[in-house]
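In case you want the letters, here they are:
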Amino acid sequence: MRQSSLIFCIVLLLPSITVADVLGVRAGANYWMYDLSGTARYETQNSANDIDVNNDLGYDDGSNGIYYISFEHPVPFLPNVKLSYTKIDEDASGRLSKTVDFGDLTFPVNEQVDSDFELEQTDIILYYSPLDNVVNIDLGLNAKYIDSHASITGAVTGREDADVSGWVPMAYVGAGVDLPLSGLSVSADGAYIKYDDSSFYDFTVRATYTTPWFLGLDVGYRKIKLDLDDFDDSYADVEFDGPYAGAYIHF
């Protein structure tokens, strides 16, 4: 809610600019319902220590908010800007199917474990729109900051924490079509990078409807995949994917 309030306060501070059509602003919030799957390990290169987030830890699905604000302008050579914030915060209980090392601790097979997982993603997207009419194309760079905290607590072994954070520069592309005189549009955008044995992608497809009163509705599907190989001592292959729905204001 703090991020959502900040976004809308920024919009309210720009009435003279937006009314003059010098700057286009869109700010919104979505409710995302996702499935969580994959494996993870921490401070060990041995894949035998992969922990299945579903079968070992008991994760299944979850839901959280997505908040964003974008600024588009007619100034040549300067990129448009979109800021987005996503937080995933889940906890679960499970039973380990094998003995695994996680950080400095070794958790034995069949141990009952409780875990929690928090992943914050902040995206700073700088993009150009070489085509911007009925058909829209955006090209640019997405600087994604990942800040993650996880912990596993065994009924006998005790607790181990893992903190992972860092910047990920990603190529960004978007495309969409506006249906004339209807307020409806369909679009997709995504960001991707691969380096060494790690790869990241984050893509969304959506349908939107903008009313005559600057209010819009947004439904879509988002998928995030993090394939980490020694990213801040973390090794993981996890996915978050599912539908979302939300609303936005647009000037």
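Conventions and cut-offs
Residues numbered from 1 in each chain as written. Predicted model: local features only at pLDDT ≥ 70, side-chain atom pairs only at ≥ 80, totals over all residues. Heavy atoms only, no water. pLDDT = per-residue confidence, 0-100. Contact = heavy atoms within 4.5 Å. Pairing = 2+ DSSP bridges. Helix = DSSP H or I, 4+ residues; strand = E, 2+ residues; numbered from the N terminus. Patch = residues over 30% accessible without salt bridge, like charges linked within 9 Å, V, L, I, M, F, W, Y side chains within 5 Å. Areas by Shrake-Rupley, 256 points an atom, 1.4 Å probe, with all protein chains shown as cover. Salt bridge = Lys/Arg side-chain N within 4 Å of Asp/Glu carboxyl O. Lys, Arg positive; Asp, Glu negative; His and termini not counted. Charge placed at Lys NZ, Arg CZ, Asp CG, Glu CD. Buried < 20%, exposed > 50% of the residue type's maximum accessible area, 1.4 Å probe, protein only. Polar contact = N/O pair within 3.5 Å; in protein donor to acceptor, adjacent residues only side chain to side chain. Phe/Tyr/Trp six-rings, centres within 6.5 Å; stacked < 30°, edge-to-face > 60°.

Draft legend 1. Spatial organisation of the confidence of the model for the protein chain. With 92% of its residues at a pLDDT of 70 or more, the protein chain shows a mean pLDDT of 90. In the predicted structure, residues 10–20 sits below a pLDDT of 50 and forms 15 contacts with residues beyond four places in sequence or in another chain.

Draft legend 2. Here's a closer look at the pairing of strand 7 (residues 112–132). In this sheet, strand 7 lies alongside strand 4 (residues 80–95) in antiparallel orientation, the contact comprising 16 bridges. Paired with Gly 94 across the two strands is Val 113, which belongs to strand 7. Bridge count for strand 7 against strand 8 (residues 135–154) is 18 bridges, and the pairing is antiparallel. Counted as the bridge partner of Val 113 is Gly 154 from strand 8. Linking two consecutive strands that pair antiparallel, namely strand 7 and strand 8, is a turn of two residues.

Draft legend 3. Fine view of the pairing of strand 1 (residues 24–42). In terms of strand pairing, strand 1 meets strand 3 (residues 61–72) through 12 bridges, oriented antiparallel. Bridged to Gly 24 within strand 3 is Glu 72. In terms of strand pairing, strand 1 meets strand 13 (residues 234–250) through 15 bridges, oriented antiparallel. By the bridge assignment for strand 13, Thr 39 is matched with Asp 237. Pairing between strand 1 and strand 2 (residues 51–52): two bridges, direction antiparallel. Bridged to Thr 39 within strand 2 is Asp 52.

Draft legend 4. Molecular detail of a negative patch on the surface. There is a patch of like negative charges on the surface, built from Glu 43, Asp 104, Asp 147, Asp 163, Asp 196, Asp 197, Asp 229, Asp 230, Asp 232 and Asp 233. On the secondary structure map, Asp 147 appears in strand 8. Overall, Asp 147 belongs to the partly exposed group, its relative accessible area being 33%.

Draft legend 5. Seen up close, the side chain of Asp 123. Along the polypeptide, Asp 123 turns up in strand 7. At a separation of 3.1 Å, a polar atom in the side chain of Asp 123 contacts the side chain of Asn 142. If we skip the residues at most four places from it in the chain, Asp 123 touches Lys 82, Leu 83, Ser 84, Asn 142, Ala 143, Lys 144 and Arg 222.

Draft legend 6. Representation of the packing of aromatic side chains within the structure. Following the criterion strictly, the structure yields 11 aromatic pairs and no others. Relative to Phe 240, the ring of Phe 117 lies with its centre 6.2 Å away and its plane at 10°, an arrangement referred to as stacked. Placement of the pair is Phe 117 in strand 7 and Phe 240 in strand 13, with a sequence separation of 123 residues. Here Phe 117 matches Phe 240 in class, with each residue buried.

Draft legend 7. Fine view of the environment of Ala 188. Looking at where Ala 188 falls in the secondary structure, it is placed in strand 10 (residues 184–195). Along the backbone, Ala 188 and Tyr 221 are 33 residues apart, and their C-alpha atoms lie at a distance of 9.5 Å. Not counting chain neighbours up to four residues away, the residues in contact with Ala 188 comprise Val 173, Gly 174, Ala 175, Thr 204, Val 205 and Arg 206.

Draft legend 8. Up close: a nonpolar patch on the surface. A contiguous nonpolar patch, built from Leu 131, Val 134, Val 135, Val 177, Leu 179, Leu 184, Val 186, Tyr 209 and Leu 217 and spanning about 670 Å² of accessible area, is present on the exposed surface. Those elements that place two or more of their residues in the nonpolar patch are strand 9 (158–179) and strand 10. Looking at the element boundaries, Leu 179 is found in strand 9.

Draft legend 9. Broad picture of the side chain of Asp 241. When you line up the elements, Asp 241 lands in strand 13. Buried within the structure, Asp 241 lacks any salt-bridge partner; Lys 223 is the closest side chain of opposite charge, at an N-O distance of 5.7 Å. There is a polar contact of 3.0 Å between the side chain of Asp 241 and the side chain of Tyr 221. With sequence-adjacent residues up to four places away left out, Asp 241 is seen in contact with Trp 32, Met 33, Tyr 34, Asp 35, Tyr 221, Arg 222 and Lys 223.

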